[in-house]
Amino acid sequence: MKILIAGRKGGSGKSTITMNLSVALAHDGLDVIIIDADRQSSSASWALERSTCQPDAPQVHCVEKHNNIASTIEDLDSRYELVLIDPAGRDSEEMRSAMVVSDVLLIPLRPSQLDLDTIPELLKIVQQSKIINPNLKVCAVLSLCPTNPVINEINESKEFLIEFPEIKLLDTIICDRKIYRDCVSDGLGVVESTLSSESIRKAKKEILDLKSEVLG
Ligand SMILES: Nc1ncnc2c1ncn2[C@@H]1O[C@H](COP(=O)(O)OP(=O)(O)OP(=O)(O)O)[C@@H](O)[C@H]1O
Ligand SMILES: [Mg+2]
């Protein structure tokens, strides 16, 4: 299965979601590889940290590949159970070439108008990809959401996204939690954190729920 985690907005949590999903899947015993297709190398740096600092943790493979990555995705799909693709947060050759061969496009979106405004242009690219890849499933997840329930941005974003029936908005919401940043620095996924707090428990549930929704 090939899952492209992408969008036209930078900093929406794509790489963080990629890393955390990969770890959750690896703990299910699945053979997972990330293709880091962003020259910032966020996922690749994290994977290197993981392989050196967490030698006993379930392995997550990672390769870096740029430009047209379609044939690399197809090749890795024949050798791994899950291929997660992490391109840059903009329109790119990497994102477009991945879209024509992926099974799922997962779009992380911050609940902010500037993020949501990138949807119409992204959907034009999706529509072009679907000419070649009509079975592409397109879903979105709200990411970096405020934990303060008084802030109404989540509901406002949900209402905005109803206007785009081509996108399945997932029920899972990924909140802005420090544990996500802390785990990245240690080469971990939040599901592996040995710390205990309400926020960490919720972060673990967010990732497990996301995994179930995306794979289900
Ligand atoms: N759920 C979260 N809670 C807290 N911090 C987060 C969360 N998701 C991402 N971050 C932080 O927000 C920043 C951007 O996240 P990330 O690099 O994953 O986004 P991105 O979409 O991959 O960015 P880019 O478009 O630059 O590739 C990073 O500093 C990351 O640690
Ligand atoms: Mg990234």
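Residues numbered from 1 in each chain as written. Chains lettered and ligands numbered in written order. Predicted model: local features only at pLDDT ≥ 70, side-chain atom pairs only at ≥ 80, totals over all residues. Heavy atoms only, no water.

What's the story with the overall build of the protein chain in this structure? I'm lost.
Along its length, the protein chain carries nine helices and seven strands. Residues counted as buried form 50% of the 216 residues belonging to the protein chain. Pairs at least 24 apart in sequence give 81% of the contacts found in the protein chain among residues at least 6 apart. On the protein chain, roughly 10000 Å² of surface is accessible, and the fraction owed to carbon and sulfur atoms is 49%. Of the charged side chains in the protein chain, 24 are positive and 33 negative; the average position of the first set lies 1 Å away from that of the second. (Helix = DSSP H or I, 4+ residues; strand = E, 2+ residues; numbered from the N terminus. Buried < 20%, exposed > 50% of the residue type's maximum accessible area, 1.4 Å probe, protein only. Contact = heavy atoms within 4.5 Å. Areas by Shrake-Rupley, 256 points an atom, 1.4 Å probe, with all protein chains shown as cover. Lys, Arg positive; Asp, Glu negative; His and termini not counted. Charge placed at Lys NZ, Arg CZ, Asp CG, Glu CD.)

Where do I start with helix α7 (residues 153-161) in this structure?
Buried within α7 we find Ile154, Ser157 and Leu161. Looking straight down α7, one finds that the buried residues subtend no more than 65 degrees of arc, so they occupy a single side. Contacts from the buried residues of α7 go to β5 (104-109), α5 (113-116), α6 (119-132), β6 (137-145) and β7 (168-175). (Arc of directions from axis to C-beta.)

Help me out: how do you make sense of the packing of aromatic side chains in this one?
The geometry of an aromatic ring pair comes down to the distance between the two centres and the angle between the two planes. For the structure on display, the rule yields one aromatic pair. Plain terms: the ring middles of phenylalanine 160 and phenylalanine 164 are 5.5 Å apart, the flat faces sit at 45 degrees to each other, and that makes the pair tilted. Look at phenylalanine 160 and you get partly exposed, because its relative accessible area is 23%. Exposure remark for phenylalanine 164: the relative accessible area of 14% places this residue in the buried category. (Phe/Tyr/Trp six-rings, centres within 6.5 Å; stacked < 30°, edge-to-face > 60°.)

Whenever I open this one, the pairing of strand β1 (residues 2-5) confuses me. Can you help?
It is a general feature of regular strands that their side chains alternate between the two faces of the sheet. Burial of β1 is two-sided: the residues Lys2 and Leu4 facing one way and the residues Ile3 and Ile5 facing the other way are all buried. Inspection of the sheet shows β1 paired to strand β4 (residues 82-87) by three bridges, in the parallel sense. Its bridge partner being in β4, lysine 2 is matched across the sheet by valine 83. Of the pairings in the sheet, the one linking β1 to β5 comprises three bridges and is parallel in character. Looking at the pairing, leucine 4 lines up with leucine 105 of β5. (Pairing = 2+ DSSP bridges.)

So what exactly am I meant to see when it comes to the site of ligand 1 here?
In the vicinity of ligand 1 there are 17 residues, among which Lys14, Ser15, Thr16, Gln40 and Cys175 approach most closely. Within the backbone of glycine 13, one N or O atom sits 3.0 Å away from an oxygen atom of ligand 1. If ligand 1 stood free it would expose 620 Å²; the protein chains cover 79% of that surface. Breaking the shell around ligand 1 down by element, the ones donating at least two residues are α1 (14-27), β7 and α8 (178-185). Sorting elements by how many residues they give to the shell around ligand 1 places α1 first, with three residues. Here the residues of the shell around ligand 1 sort into four nonpolar, eight polar and five charged. (Near = heavy atom within 4 Å. Polar contact = N/O pair within 3.5 Å; in protein donor to acceptor, adjacent residues only side chain to side chain. Nonpolar A, V, L, I, M, F, W, Y, C, P; charged D, E, K, R; others polar.)

Please explain the state of the cysteines as it appears in this structure.
Formally, a disulfide is one covalent bond, and it connects the sulfur atom of one cysteine to the sulfur atom of another. As enumerated under the stated definition, the model contains zero disulfides in all. Residue cysteine 139 stays outside any disulfide, its sulfur separated by 15 Å from that of cysteine 145, the closest cysteine. Classification of cysteine 139 by relative accessible area gives buried; the value is 6%. Just so you know, cysteine 175 is unpaired, no disulfide at all, and the nearest cysteine sulfur is the one on cysteine 145, 5.5 Å from it. (Disulfide = S-S within 2.5 Å.)

For this particular structure, what's the right way to read the side chain of glutamate 206?
With respect to the helices and strands, glutamate 206 occurs in helix α9 (residues 198-215). Taking relative accessible area as the criterion, glutamate 206 reaches 7% and is therefore assigned buried. At a separation of 3.2 Å, a polar atom in the side chain of glutamate 206 contacts the main-chain amide nitrogen of cysteine 175.

Hey, could you run me through the pattern of salt bridges in this one?
Close approach of charged atoms allows side chains with opposite charge to pair. With the rule as written, the count across this model stands at 13 salt bridges. Residues arginine 177 and glutamate 206 are paired through a salt bridge, measuring 2.8 Å at the closest nitrogen-oxygen approach. With a gap of 29 residues between them, arginine 177 in the loop between β7 and α8 and glutamate 206 in helix α9 connect regions that are remote in the sequence. (Salt bridge = Lys/Arg side-chain N within 4 Å of Asp/Glu carboxyl O.)

Looking at this structure, how should I read the nonpolar core?
Soluble globular proteins tend to pack their nonpolar side chains together in the buried interior. By size, the foremost hydrophobic cluster in this structure holds 35 residues, and its most contacted members are Ile85, Met99, Leu105, Ile107, Leu109, Val126 and Ile167. Counting residues per element, the ones that place at least two in this core are β2 (32-37), α3 (70-77), β4, α4 (93-99), β5, α6, β6 and α7. Top element by residues in this core is α6. It accounts for five residues. (Core = buried A, V, L, I, M, F, W, Y, C linked by side-chain atoms within 4.5 Å.)

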